[in-house]
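# Summary of structural features
If you want the building blocks of each chain, they are given just below.
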Amino acid sequence: MRWVLAETDQTAARRLADEAGLHPLIAALLVNRGILEHETAASFLACDLAGLSEPWIFSHMESAVSRIHRAVKAGEKIVVYGDYDADGVTAAAVLYLVLKELGADADYYIPDRLSEGYGLNLSALDSIKKSGAGLVVTVDCGISAFAEAEHAASIGLDLVITDHHQIVSSCPASSNEKTPDENRRAYALPSAHAILHPLLLNEGVNQIVRDRVAVLTGVGVAFKLAQALLDADAGDPRLMKYLDLVAVGTVADVGSITGENRILVKHGLDILSSVDLRPGLAALKQEAGIDGRPVGVGMVGFSLGPRLNASGRLENAYAALRLLTTLSQEEAVALAKQLDSLNRERQSVEDAIREEARAKCIDYDMERTGAFVLDSPDWHPGVVGIVASRIADEFYRPAALIAVRDGVGKGSARSIPGFDLYAGLLECRDILLNFGGHTYAAGFAVQEKKIPELRTRLNDIALERLGKTGFMKTLFIDCAVNLSDITTDLVRDIERLAPFGQGNPEPRLGARGLDVIDARVVGNNHLRLRLGSSDSATLTAIGFGKAGLLGKRLRIGSKIAAVFTPRVKTWNGLTSVELEIRDIKTEKW
């Protein structure tokens, strides 16, 4: 693994430390995150709800709100059309609950992953129309549904689209083209009554606000619509009670924890950590074994999110959506157990697919491999995305896994830093039936006979884009420190930069010339170290899953360099600093 130390603007860091009264290391961490001014740093550290923008900056917000209120007043049935992942389910829950609060005749619809696939589809719209609905509001989908939007209009269904996925600029331009940003770039948009998307803002909105809003996920956009519908300030209790759902959806969708997402997630995690929580999430916390503990980003990403996603991966997402909307404690407990059971089944299916996919990858010539495109008729389409992520991380190559059924493959792909997956698929669009997604994650459909061509083309594109050095894992280090610098007060200050996650990673610090005073294996394959430095400071360290290093790359008496994240640890009433090791480099024995 290649280590890269950040080239911090030391002049800017010293100025920020002086003006804001910050520890020099905290100032350097902020500067590394592009925060250079005293006022910006104060806002970042405060992470206050007042930092959220008004929902009316969205180009079509007034039109969307007016149409929905008109439907509510007339008793017209409104259907919230969602997606089967955690972001889509939480977004549907937020909007559905707000509509019910407004007195609407509201229902929801989540497509089946296996039989219908992602997003709007014609038969679903026909069924919704037959149910008596006159208005469909999408969440986390719809921005590329050109044919479906035209069909909705043809059968008398009004459509309000809320989405955050990549706008498909390759689609033919229509009369509904807009110029939403300061560069006046024209987007081809589906024909709908209103479209809410983080890139579609009023022309007068400045670039700073645009950047802060651009990171919103599907549930974040739904929250903005909910705020406008309630005509509420960001801190209004009627609105804040939905922040737990916003935090879960944003984190589970690996949304960037920057801009407005960071504010939403921080306050949502505070609600998730409380005991007075909506029944469904309280029951899910209990089932996941994290009740009674402060909930962080990791707990959402590795405990709550997977259980919510399991429903839509293996069956359909209605169990997850009912869990988030029920007021019954008894039903919540039953649904949480059902989701936990499905998640265990998902893990079993995932393990089998991963083993088979790894075996395929090992046979590849890595020198000539830019991307993996793997397929099988035996793979479950609801799980291939998770395995693609694991393969991309292990072999450090973009990976696409395709589940083939009846001559058509449904694929899910994940990427690595340096390769824009959406752009890569865009270059292959002529052989794809459909596709969509983001820079690091995307889904697509392809005819089985076209898979070999897709494999060759995507591989060549990745090789060209990533070059010779793009396939080496890089560990970015924020600052170099001495062990004596790391105190409990400093670590508490570092924690003010939380919540951490995509786009705002936990700070990684580095130190060299460290002496291994003690080293032993603890727990399940973990490495416990006692490290010392030339300034006589000593600290304990833990390397999770790194027991294999002992006796091979280090031993007691070794001198090492280490990259780590410091944490405050309390044990038996005593508080101390412990280093969580990210990587180690050693001198020869």
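This text goes with the structure placed above it.
Okay, so let's go over this structure. (Residues numbered from 1 in each chain as written. Predicted model: local features only at pLDDT ≥ 70, side-chain atom pairs only at ≥ 80, totals over all residues. Heavy atoms only, no water.)

The next subject is the overall build of the protein chain. Along the protein chain, the regular secondary structure elements total 20 helices and 18 strands. Taking 589 residues into account, the globule formula puts the C-alpha radius of gyration at 25 Å, and the protein chain, at 25 Å, falls close to it. Its C-alpha atoms give the protein chain principal-axis dimensions of about 75 × 55 × 55 Å. Counting across all 589 residues of the protein chain, residues that qualify as buried make up 53%. For the protein chain, the proportion of contacts with a sequence separation of at least 24, taken over those separated by at least 6, is 67%. Of the roughly 25,400 Å² of accessible surface on the protein chain, a fraction of 49% belongs to carbon and sulfur atoms. Each charge class in the protein chain was averaged separately, 65 positive and 76 negative side chains, and the resulting centres sit 4 Å apart. (Helix = DSSP H or I, 4+ residues; strand = E, 2+ residues; numbered from the N terminus. Rg over C-alpha atoms; globule rule 2.2 N^0.38 Å. Buried < 20%, exposed > 50% of the residue type's maximum accessible area, 1.4 Å probe, protein only. Contact = heavy atoms within 4.5 Å. Areas by Shrake-Rupley, 256 points an atom, 1.4 Å probe, with all protein chains shown as cover. Lys, Arg positive; Asp, Glu negative; His and termini not counted. Charge placed at Lys NZ, Arg CZ, Asp CG, Glu CD.)

So, on to helix α4 (residues 61-74). The end-to-end C-alpha distance of α4 is 20 Å, a good match for the 20 Å that 14 residues give at a rise of 1.5 Å each. Listed as buried for α4 are M61, A64, V65, R67, I68, A71 and V72. Seen from one end, α4 has its buried residues packed into an arc of 165 degrees, which puts them on one side. Along α4, exposed side chains directed more than 90 degrees from the buried face belong to E62, K73 and A74. Where the residues of α4 are buried, they touch β2 (77-81), α5 (86-101), β4 (133-139), β5 (158-162), β6 (194-196) and α9 (218-230). (Expected span 1.5 Å × (residues − 1). Arc of directions from axis to C-beta.)

Sheets are built from strands that pair by backbone hydrogen bonding, the pairs being arranged parallel or antiparallel. Pairing is parallel in the open sheet, where five strands are placed in the order β3-β2-β4-β5-β6. The open sheet has two free edges, formed respectively by β3 (106-109) and β6, since each of these has just one partner strand. The sheet shows a mean angle of 20 degrees between the axes of neighbouring strands, direction not considered. Direction of pairing for β4 relative to β5: parallel, over a ladder of five bridges. In the strand pairing of β5, L135 is matched with D158. (Pairing = 2+ DSSP bridges. Axes fitted to C-alpha atoms, helices over the stretch in contact; angles between N-to-C directions.)

Attention shifts here to the pairing of β5. A regular strand places its side chains on the two faces of the sheet in alternate fashion. Buried residues dominate β5, accounting for four of its five residues. Taken together, β4, helix α7 (residues 146-154) and β5 form a β-α-β motif whose crossover is right-handed. (Right-handed = clockwise from strand over helix to strand, strands pointing away.)

A word on helix α19 (residues 451-466). Counting along an α-helix, one turn takes 3.6 residues, and residues three or four places apart therefore face a common direction. When the terminal C-alpha atoms of α19 are compared, their 22 Å separation across 16 residues agrees well with the 22 Å that a helix rising 1.5 Å per residue should span. When we look at burial in α19, the residues that qualify are I451, L454, L458, N459, I461, A462 and L466. Angularly, the buried residues of α19 cover 165 degrees about the axis, an arc narrow enough to put them on a single face. Buried residues belonging to α19 abut β7 (372-376), β8 (399-405), α18 (421-427) and β11 (441-447). Two residues or fewer past α19, G467 is found with a positive phi of approximately 65 degrees.

The grouping of D18, E19, E37 and E39 at the surface amounts to a negative patch. When you line up the elements, E37 lands in the loop between α2 (24-32) and α3 (38-46). A relative accessible area of 41% places E37 in the partly exposed class. (Patch = residues over 30% accessible without salt bridge, like charges linked within 9 Å, V, L, I, M, F, W, Y side chains within 5 Å. Salt bridge = Lys/Arg side-chain N within 4 Å of Asp/Glu carboxyl O.)

Throughout the structure, instances matching the rule amount to six aromatic pairs. Of the aromatic side chains, those joined through ring pairs into one cluster are Y96, Y108 and Y318. Over the face of the ring belonging to F471 we find R397, whose NZ or CZ atom lies 4.2 Å from the ring centre. One Lys or Arg, K585, reaches over the ring of W3 and ends 5.0 Å from the middle of that ring. (Phe/Tyr/Trp six-rings, centres within 6.5 Å; stacked < 30°, edge-to-face > 60°. Lys NZ or Arg CZ within 6 Å of the ring centre and 35° of its normal.)

Before going further, it helps to spend a moment on the sheet that holds β11. Strand order in the open sheet made by the five strands is β7-β8-β9-β11-β10, with mixed pairing throughout. Edge strands, defined here as strands with exactly one partner in the open sheet, are β7 and β10 (434-437). Neighbour to neighbour, the strand axes of the sheet diverge by 15 degrees on average, direction disregarded. Across the face of the sheet, helix α16 (residues 329-362) comes into contact with β7 and β8 while running at roughly 130 degrees to β7. Packing against the sheet, α19 makes contact with β7, β8 and β11, and its axis sits at approximately 160 degrees to β7.

Our focus in this paragraph is the pairing of strand β18 (residues 574-586). In this sheet, β18 lies alongside strand β16 (residues 538-543) in parallel orientation, the contact comprising three bridges. Bridge pairing links T540 to E578 in β18. In the sheet, strand β17 (residues 559-571) pairs with β18 via 12 bridges, with the strands oriented antiparallel. By the bridge assignment for β18, T570 is matched with T575. Taking the residues that link successive antiparallel strands as the turn, the β17-β18 hairpin has two residues, and the phi of N572 there is positive, at about 55 degrees.

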